[in-house]
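Observations on the three-dimensional arrangement
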Amino acid sequence: RRDATGPVRPIPPLKRREDIAELLQREGKRHGAELGVLWGSFAVHTLAHWQACETYLLVDLWAHQENYKDLSNAANTRHEDNMQRALAQLAPWEAKL
């Protein structure tokens, strides 16, 4: 965060990650990105509570990765389903994506 007169200021500690949406709204931020979208649930919450948002980038591979051990690293068909589910949930904010 920058104010008009000085250096970058740290953000205050958040009790829950969902609190970032209210912080972004309060700070008047207009552009953001989410890394690791999966089904889009967090993006839905963020966009519902961050009305000032103009652009929100969704960043997710939505594909199986060899040599990556994680419960979310499923078959490509599952990733395609996850992406379609995310896009359907986020349809109300399509113009911002």
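The coordinates are above.
Residues numbered from 1 in each chain as written. Predicted model: local features only at pLDDT ≥ 70, side-chain atom pairs only at ≥ 80, totals over all residues. Heavy atoms only, no water.

**Side note on the overall build of the protein chain**
For the protein chain, the count of helices and strands is 3 helices and 2 strands. Across the protein chain, helices and strands are ordered from the amino to the carboxyl terminus as α-β-α-β-α. Oriented by its inertia axes, the alpha-carbon framework of the protein chain measures out at about 50 × 30 × 20 Å. Counting all 97 residues of the protein chain, 23% fall into the buried class. A separation of at least 24 residues holds for 52% of the contacts in the protein chain among residues at least 6 apart in sequence. Total accessible area on the protein chain is roughly 6800 Å²; 55% of this is exposed by carbon and sulfur atoms. Of the side chains in the protein chain, 13 bear a positive and 13 a negative charge, and the two mean positions are spaced by 8 Å. (Helix = DSSP H or I, 4+ residues; strand = E, 2+ residues; numbered from the N terminus. Buried < 20%, exposed > 50% of the residue type's maximum accessible area, 1.4 Å probe, protein only. Contact = heavy atoms within 4.5 Å. Areas by Shrake-Rupley, 256 points an atom, 1.4 Å probe, with all protein chains shown as cover. Lys, Arg positive; Asp, Glu negative; His and termini not counted. Charge placed at Lys NZ, Arg CZ, Asp CG, Glu CD.)

**Quick word on the environment of E27**
As for its placement among the helices and strands, E27 is situated in helix α1 (residues 20-27). By relative accessible area, E27 is classed as partly exposed at 28%. Taking the C-alpha atoms as reference, E27 lies 9.5 Å from A52; in sequence the two are 25 residues apart.

**Points about the side chain of T46**
Mapped onto the secondary structure, T46 falls in helix α2 (residues 41-49). Residue T46 is classed as buried on the basis of its relative accessible area, which comes to 1%. For T46, the contacting residues outside a window of four places in its chain are A21 and Y56.

**A look at the environment of A33**
Looking at where A33 falls in the secondary structure, it is placed in strand β1 (residues 31-35). Using a relative accessible area of 48% as the deciding quantity, one classes A33 as partly exposed. Separated by 10 residues in the primary sequence, A33 and A43 place their C-alpha atoms 9.2 Å from one another. Among residues more than four places away in sequence, those in contact with A33 are Y56 and L57.

**So, unusual backbone geometry**
The phi angle at L38 is positive, at roughly 55 degrees, despite the residue not being glycine. You can see L38 is positioned in the loop between β1 and α2. The phi torsion at N67 lies on the positive side, around 60 degrees, for a residue other than glycine.

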